[in-house]
Amino acid sequence: MSRHRVAVLAGDGIGPEVVEASLPVLDEAAGLEGVRLEWVHFPWGCDHWQETGRMMPADGLDLLRPFDAIFLGAVGRPDVPDHVSVRGLILPIRQAFHQYVNLRPMELLSGLPPVLAGRGGAPFPPESFRMVCVRENSEGEYVGAGGRFDQGSPDERAEQLSVFTRRGIERVARYAFHLADRRSRRLLASATKSNAWQHAMVLWDEVVEEVAQDFPRVTWRPYHVDALAARMVSHPESLDVILASNLFGDILSDLGAALTGSLGLAPGANLNPERSYPSMFEPIHGSAPDIAGRGIANPIGTLWAGALMLEHLGAPGAAARVEGAIRAVVAEGATLTPELGGRAGTVEVAEAVRLRLGDAGGAPPPS
Ligand code: GGG
């Protein structure tokens, strides 16, 4: 039996609820494939910030470093500024551990009522909406450089610096083209805004073009990010892999998740492809304080993030079980959370997925 040690950062709001419901499901899926997951919980987040002034201890990164993976719920609380919570926990982990790929699948699952009406009024068939966003996750608009000047005066200004490096763009572009090359449609759309950002996005376009030369089987093109957002709504069937900067990828993947029915469905993997550091897996949703504590948060994004983690840990059979079970539960439609029109709670949905793990073994996810 192989063993993997996973650091759990359940975090704030609905984070602890969706994580607690998901861990037994992931344990069981792993166990069915001869894999043992050892969870170690760290009580970091906004409560920790209130008590100590820090979202995680000063040596938090050192404590996380030896783990095989990190499993994150959500961070944020209405009384804590968002930049404190996100900059205090999520971004330092992503940046310090060189998790430069944020992989965010966006897929319309069979059985869900379509959000998009489709051209001519006919609903889009589920297979027409199957994308994955490869978001640059370590630099760009999220480097945090800049400052506030002349605060409180009429001349007050804020400067927020973006930093794009050739190395940073190249490595994430290479990952995205590799991924596109392995998928059946072999399409890649690169999100740019080089008409307005004449420095950073022109470098982005040049480096992406250079990397593309090594992947002749991938059909690709750049889109201005605004046009790409519109295309996700009007022609989703024309999109497959989306390569985007940190900010653009964050926005496009929330749009994509909403178009599939709910932000609660979508998983994210913060990957260090070289495996020099632990990678981190999380649902893309935030802490959702409006529904926290009510037991109705959708655990599917968290479970799916767990499937991505199992895949990364070298347990593809366990990952396929979780993904197959999610697909089965959603297609059945009897156990869904309220935002998808159902009446089930977090624990019930997770339990329904757990009960389908046995019959979902080995089902390969569509590419
Ligand atoms: N599930 C983790 C979480 O709470 N995400 C909320 C968020 O705002 N994340 C920032 C980001 O993904 O860049």
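Keep in mind the model is a prediction, meaning the values are calculated, not measured. (Residues numbered from 1 in each chain as written. Predicted model: local features only at pLDDT ≥ 70, side-chain atom pairs only at ≥ 80, totals over all residues. Heavy atoms only, no water.)

1. A short note on the site of the ligand
- Surrounding the ligand, one finds 15 residues, the nearest of these being Gly73, Arg135, Glu282, Pro283 and His285.
- Contact between the ligand and Pro283: a nitrogen atom at 2.7 Å from a main-chain N or O atom of the residue.
- Relative to its unbound accessible surface of 370 Å², the ligand loses 86% to contact with the protein.
- The residue makeup of the shell around the ligand, split by class, is seven nonpolar, three polar and five charged.
- Structurally, the shell around the ligand is a two-domain feature, drawing no fewer than three residues from each of domain 1 (1-102 + 261-367) and domain 2 (128-144 + 159-260). (Near = heavy atom within 4 Å. Polar contact = N/O pair within 3.5 Å; in protein donor to acceptor, adjacent residues only side chain to side chain. Areas by Shrake-Rupley, 256 points an atom, 1.4 Å probe, with all protein chains shown as cover. Nonpolar A, V, L, I, M, F, W, Y, C, P; charged D, E, K, R; others polar. Domains from an automatic or database assignment.)

2. Comments concerning the side chain of Ser262
- Within the fold, Ser262 resides in the loop between helix H8 (246-259) and strand E11 (267-271).
- Here Gly264 takes part through its backbone nitrogen, which lies 2.8 Å from a polar atom of the side chain of Ser262.
- At 2.7 Å, the side chain of Ser262 and the side chain of Glu339 are in polar contact.
- Excluding residues within four positions of it along the chain, Ser262 makes contact with Ala257, Asn298, Glu339 and Leu340. (Helix = DSSP H or I, 4+ residues; strand = E, 2+ residues; numbered from the N terminus. Contact = heavy atoms within 4.5 Å.)

3. Description of the sheet that holds strand E12 (residues 279-283)
- Spatially, the ten strands line up as an open sheet ordered E2-E1-E3-E12-E11-E4-E5-E10-E8-E9, and their pairing is mixed. Looking along the sheet, the strands with just one partner apiece sit at the ends: strand E2 (35-41) and strand E9 (219-224). Each neighbouring strand pair of the sheet contributes to a mean axis angle of 25°, computed without reference to strand direction.
- Sheet topology places strand E4 (residues 101-107) next to strand E5 (residues 130-136); seven bridges connect them, and they run antiparallel. Among the inter-strand pairings, Met106 is bridged to a residue of E5, identified as Met131.
- With respect to the sheet, helix H6 (residues 200-212) is in contact with E5, strand E8 (187-192), E9 and strand E10 (241-244), its orientation differing from that of E8 by roughly 160°. (Pairing = 2+ DSSP bridges. Axes fitted to C-alpha atoms, helices over the stretch in contact; angles between N-to-C directions.)

4. As for the packing of helix H7 (residues 225-234) against H8
- At their nearest, the axes of H7 and H8 sit 10 Å apart, and the two run at 15° to each other. Our classification of the angle between H7 and H8 gives roughly parallel. Between H7 and H8 the crossing geometry is right-handed. Within the contact between the two elements, H7 uses Val225, Leu228, Ala229, Met232 and Val233 and H8 uses Phe248, Leu252, Leu255, Gly256 and Leu259.
- Each residue belonging to the contact of H7 with H8 can be placed in one class, and the counts come to nine nonpolar, one polar and no charged. (Parallel < 35°, antiparallel > 145°, perpendicular 65-115°, else oblique. Left-handed = near helix turned anticlockwise from the far one by under 90°.)

5. Quick notes on helix H10 (residues 316-332)
- Taking 1.5 Å per residue as the helical rise, H10 with its 17 residues ought to reach 24 Å, and the 24 Å between its terminal C-alpha atoms agrees with that figure.
- Residues Ala318, Ala319, Ala320, Arg321, Val322, Glu323, Gly324, Ala325, Ile326, Val329 and Val330 constitute the buried set of H10.
- Contacts from the buried residues of H10 go to helix H1 (15-32), helix H9 (300-312) and helix H11 (346-355).
- One or two residues past the end of H10 sits Gly333, with phi positive at roughly 80°. (Expected span 1.5 Å × (residues − 1). Buried < 20%, exposed > 50% of the residue type's maximum accessible area, 1.4 Å probe, protein only.)

6. Topic: the pairing of strand E1 (residues 2-11)
- For E1 and E2, the ladder comprises seven bridges, and the chain directions are parallel. When the bridges of E2 are listed, Val6 appears paired with Trp39.
- For the crossover from E1 across H1 to E2, the handedness is right-handed. (Right-handed = clockwise from strand over helix to strand, strands pointing away.)

7. Quick look at the environment of Val163
- Tracing the backbone through its elements, the reader meets Val163 in strand E7 (residues 157-163).
- When the C-alpha positions of Val163 and Trp220 are compared, they lie 24 Å apart, and in sequence the two are 57 residues distant.

8. Concerning the packing of aromatic side chains
- Within the structure shown, the criterion is met by eight aromatic pairs.
- Ring centres 5.7 Å apart and planes at 85° place the aromatic pair Phe42 and Phe67 in the edge-to-face group. Within this pair, whereas Phe42 is found in the loop between E2 and helix H2 (46-52), its partner Phe67 is found in the loop between helix H3 (60-64) and strand E3 (69-74), the two being separated by 25 residues in sequence. The burial state of Phe42 is the same as that of Phe67; both residues are buried.
- Relative to Phe248, the ring of Trp197 has its centre 5.7 Å away and its plane inclined at 25°; by these criteria the two rings are stacked. Remark: Phe248 occurs in helix H8 and Trp197 occurs in the loop between E8 and H6; sequence separation between them is 51 residues.
- Given a relative accessible area of 31%, Trp197 falls into the partly exposed group. (Phe/Tyr/Trp six-rings, centres within 6.5 Å; stacked < 30°, edge-to-face > 60°.)

9. Quick look at the domain arrangement of the protein
- Partitioning the protein into structural domains gives domain 1 (1-102 + 261-367) and domain 2 (128-144 + 159-260).
- Each of domain 1 and domain 2 was reduced to a C-alpha centroid, and the two centroids are 24 Å apart.
- Across the contact, 20 residues belong to domain 1 and 21 residues belong to domain 2.
- Surface buried jointly by domain 1 and domain 2 totals about 1,700 Å² across both partners, of which 51% is contributed by carbon and sulfur atoms.
- For the interface between domain 1 and domain 2, the tally reads zero salt bridges.
- The tally of links from domain 1 across to domain 2 stands at nine residue pairs in polar contact (both at pLDDT 80 or more).
- Those elements giving two or more residues to the side of domain 1 that touches domain 2 turn out to be helix H4 (82-96), E4 and E11. (Buried area = accessible area lost by both parts, 1.4 Å probe. Salt bridge = Lys/Arg side-chain N within 4 Å of Asp/Glu carboxyl O.)

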